[in-house]
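Structural characterization, general
So you can see what is in the structure, the chains are spelled out below.
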Amino acid sequence: MLTLMLLQIIDNEEPMIVAGTISEIAYTKYKRWQWWFLVSLCIAFLIVGQSAAVLLGRFYYDQGGNSKWMATLVQTAAFPVLLIPLFTIPSPPEASTSASPSITILALIYFVLGVVVAADNMMYSTGLLYLSASTYSLICASQLAFNAVFSYFINAQKFTLLIVNSTVVLTLSSSLLAVNEDSDEPSGVSKGKYIIGFLCTFGASAVYSLLLSVMQLSFEKVLKKETFSVVLEMQIYTSLVATGATVIGLFASGEWSTLHGEMEGFEKGKVAYVMTLVWTAVAWQVCSVGVVGLIFLVSSLYSNVISTVSLAVTPFASVIVFHDKMNGVKIISMLFAIWGFASYIYQNYLDDSKARHAQAVAMSQNENDSSC
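Residues numbered from 1 in each chain as written. Predicted model: local features only at pLDDT ≥ 70, side-chain atom pairs only at ≥ 80, totals over all residues. Heavy atoms only, no water.

**Things to note about the overall build of the protein**
Along its length, the protein carries 15 helices and zero strands. Looking at the 372 residues of the protein, the share that counts as buried comes to 53%. The long-range share in the protein, meaning contacts at least 24 apart out of those at least 6 apart in sequence, stands at 88%. (Helix = DSSP H or I, 4+ residues; strand = E, 2+ residues; numbered from the N terminus. Buried < 20%, exposed > 50% of the residue type's maximum accessible area, 1.4 Å probe, protein only. Contact = heavy atoms within 4.5 Å.)

**Focus on the nonpolar core**
Membership of the largest hydrophobic core comes to 71 residues, with the highest contact counts inside it found for Val39, Tyr60, Met70, Phe219, Met234, Leu294 and Leu297. By size, the runner-up hydrophobic cluster in this structure holds 10 residues, among which are Leu144, Ile163, Phe341 and Tyr344. (Core = buried A, V, L, I, M, F, W, Y, C linked by side-chain atoms within 4.5 Å.)

**Concerning the confidence of the model for the protein**
When pLDDT is averaged along the protein, the result is 79, and 81% of the positions lie at 70 or above. Confidence, expressed as mean pLDDT per element, reaches its minimum in the protein at helix α1 (residues 2-11) with 48 and its maximum at helix α4 (residues 68-73) with 93. The low-confidence segment residues 7-21 (pLDDT under 50) makes 34 contacts with residues lying over four places distant or belonging to another chain. (pLDDT = per-residue confidence, 0-100.)

**Some details on helix α11 (residues 229-253)**
Over its 25 residues, α11 extends 36 Å from the first C-alpha to the last, a length consistent with the 36 Å expected when each residue adds 1.5 Å. Looking at the residues trailing α11, positive phi occurs at Gly254, about 85°. (Expected span 1.5 Å × (residues − 1).)

**Quick look at a nonpolar patch on the surface**
On the surface, a nonpolar cluster with roughly 580 Å² of combined accessible area is contributed by Val149, Tyr152, Phe153, Phe159, Val164 and Val168. Those elements that provide at least two residues to the nonpolar patch are α8 (143-154) and α9 (161-178). Per-element tally for the nonpolar patch: the top contributor is α8, with three residues. Looking at where Val164 falls in the secondary structure, it is placed in helix α9. (Patch = residues over 30% accessible without salt bridge, like charges linked within 9 Å, V, L, I, M, F, W, Y side chains within 5 Å. Areas by Shrake-Rupley, 256 points an atom, 1.4 Å probe, with all protein chains shown as cover. Salt bridge = Lys/Arg side-chain N within 4 Å of Asp/Glu carboxyl O.)

**Concerning the environment of Leu170**
Relative to the helices and strands, Leu170 is located in helix α9. Given the relative accessible area of 0%, Leu170 is considered buried. The spacing of Leu170 and Ser333 is 163 residues in sequence and 8.5 Å in space, taken between C-alpha atoms. Contact partners of Leu170, with chain neighbours within four places excluded, come to Ala141, Leu144, Ala145, Phe336, Ala337, Gly340 and Tyr344.

**A word on the packing of helix α6 (residues 103-130) against α11**
Interhelical geometry of α6 versus α11 gives an angle of 55° and a closest axis separation of 7 Å. Comparing the axis directions of α6 and α11 gives the class oblique. Crossing angle aside, the handedness with which α6 passes α11 is right-handed. On the side of α6, the interface is formed by Tyr110, Phe111, Leu113, Gly114, Val115, Val117 and Ala118, while α11 contributes Glu233, Met234, Tyr237, Thr238, Val241, Ala242, Ala245 and Thr246. Classifying every residue of the contact of α6 with α11 by side-chain character gives 11 nonpolar, three polar and one charged. (Axes fitted to C-alpha atoms, helices over the stretch in contact; angles between N-to-C directions. Parallel < 35°, antiparallel > 145°, perpendicular 65-115°, else oblique. Left-handed = near helix turned anticlockwise from the far one by under 90°. Nonpolar A, V, L, I, M, F, W, Y, C, P; charged D, E, K, R; others polar.)

**Focus on the packing of α11 against helix α13 (residues 270-297)**
Where α11 meets α13, the closest approach of the two axes is 9 Å, and the angle between their N-to-C directions is 130°. Considering the angle they form, α11 stands oblique to α13. The chirality of how α11 crosses α13 is right-handed. When α11 is examined against α13, the residues Val230, Val231, Leu232, Met234, Gln235 and Ser239 are found in contact with a partner set consisting of Gln285, Ser288, Val289, Val292, Gly293 and Phe296.

**Quick word on the packing of aromatic side chains**
According to the stated counting rule, one finds 12 aromatic pairs in the structure shown. Geometrically, the ring pair formed by Phe336 and Trp339 is stacked, given 5.9 Å between the ring centres and 20° between the ring planes. In this pair, Phe336 and Trp339 are both assigned in helix α15 (residues 328-371), three residues apart and thus about one turn of the helix distant. Judged by relative accessible area, which is 44%, Trp339 ranks as partly exposed. Taken together, Phe59, Tyr60, Tyr61, Phe266 and Tyr273 form an aromatic cluster joined through their ring pairs. (Phe/Tyr/Trp six-rings, centres within 6.5 Å; stacked < 30°, edge-to-face > 60°.)

**Topic: the side chain of Ser125**
Summarising the element assignment, Ser125 is placed in helix α6. Of the polar contacts made by the side chain of Ser125, one reaches the side chain of Thr72; its length is 3.0 Å. Setting aside chain neighbours within four positions, we find Ser125 in contact with Tyr61, Lys68, Ala71, Thr72 and Gln75. (Polar contact = N/O pair within 3.5 Å; in protein donor to acceptor, adjacent residues only side chain to side chain.)

**A look at the pattern of salt bridges**
In total, this model carries two salt bridges according to the counting rule given. Between Asp62 and Arg58 there is a salt bridge, with the nearest N and O atoms lying 2.9 Å from each other. A residue pair is termed a helical-turn pair when its members lie 3 or 4 positions apart in one helix, as Asp62 and Arg58 do in helix α3 (residues 32-62) at four residues. When its relative accessible area of 4% is taken as the criterion, Arg58 is described as buried. Note that Glu264 and Lys270 form a salt bridge whose closest N and O atoms lie 3.0 Å from each other.

Quick look at the structure:
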């Protein structure tokens, strides 16, 4: 309901045309090397941040942590560190002449997105509690299939044979894990809890994909800023709301009273407990900046594609760090995930080539008109 209200408000704003799969706001603002540098930086932030956060989250549960609300809180609580680059990194002057959105609309957008982010993080935390890091990451591959659907209806993304192929393959990838009888659950987790973990992770992937599409729509139709600071502002304000909602849930659930005992019983000690939470929070913020940055610079679809890259990194890392089993079904599922990822990458390459060709033709025509 909250998301539908937000979409209705955004649709009432003046539309902005976006060529291909690349954000016209960012692509026309930055020089080519600057744009590629920022895209590469966001890709690195996303892959490193997400992989580290998932592994640290699994480590938190394995060493005695069991608070789902705390695991949810650390996904947004480190947002104040983003104030440092926001106020210290200079932004180029704005060239946009469009009217700024009202404070009421901005507040509503950030509030709705923040509440949905909190709910989505809670589902992810539940999934990670009951699943191994490798299984969790591979199920998250389904978010690309959801993103294809939401991008079509919300962001006017065109379906192609490659996107349809990727959607089917990624759905099959996560379905294999759902029926895998030899799936490795963390110790003490029953088959029923494993199914709950699967459903929560699968549902969280759908909500996450919806969030990405709504964020892209917000950049295009409401925010319309041409500086990278809008990425930090989006992350800071939505994280502020999500953190507040999670804190309320933490106290309302009564889990706050168990945190001291949880720290005392953490197998690696109190210092390790605190450092695990701190670095998990930092890793999630690094990942989130990469996610929102790619939405601003390219598209929600591309951001989700790059998120999938870490799905190929995390399972192998979890085998090394946590000694997760990598059975045959899981390997096949991973290959399907890579296949679907490759299909998206190639489609993005084709779209980018068309966009660059169209831009070159338009510039050539403008030069010819000027000479005449």
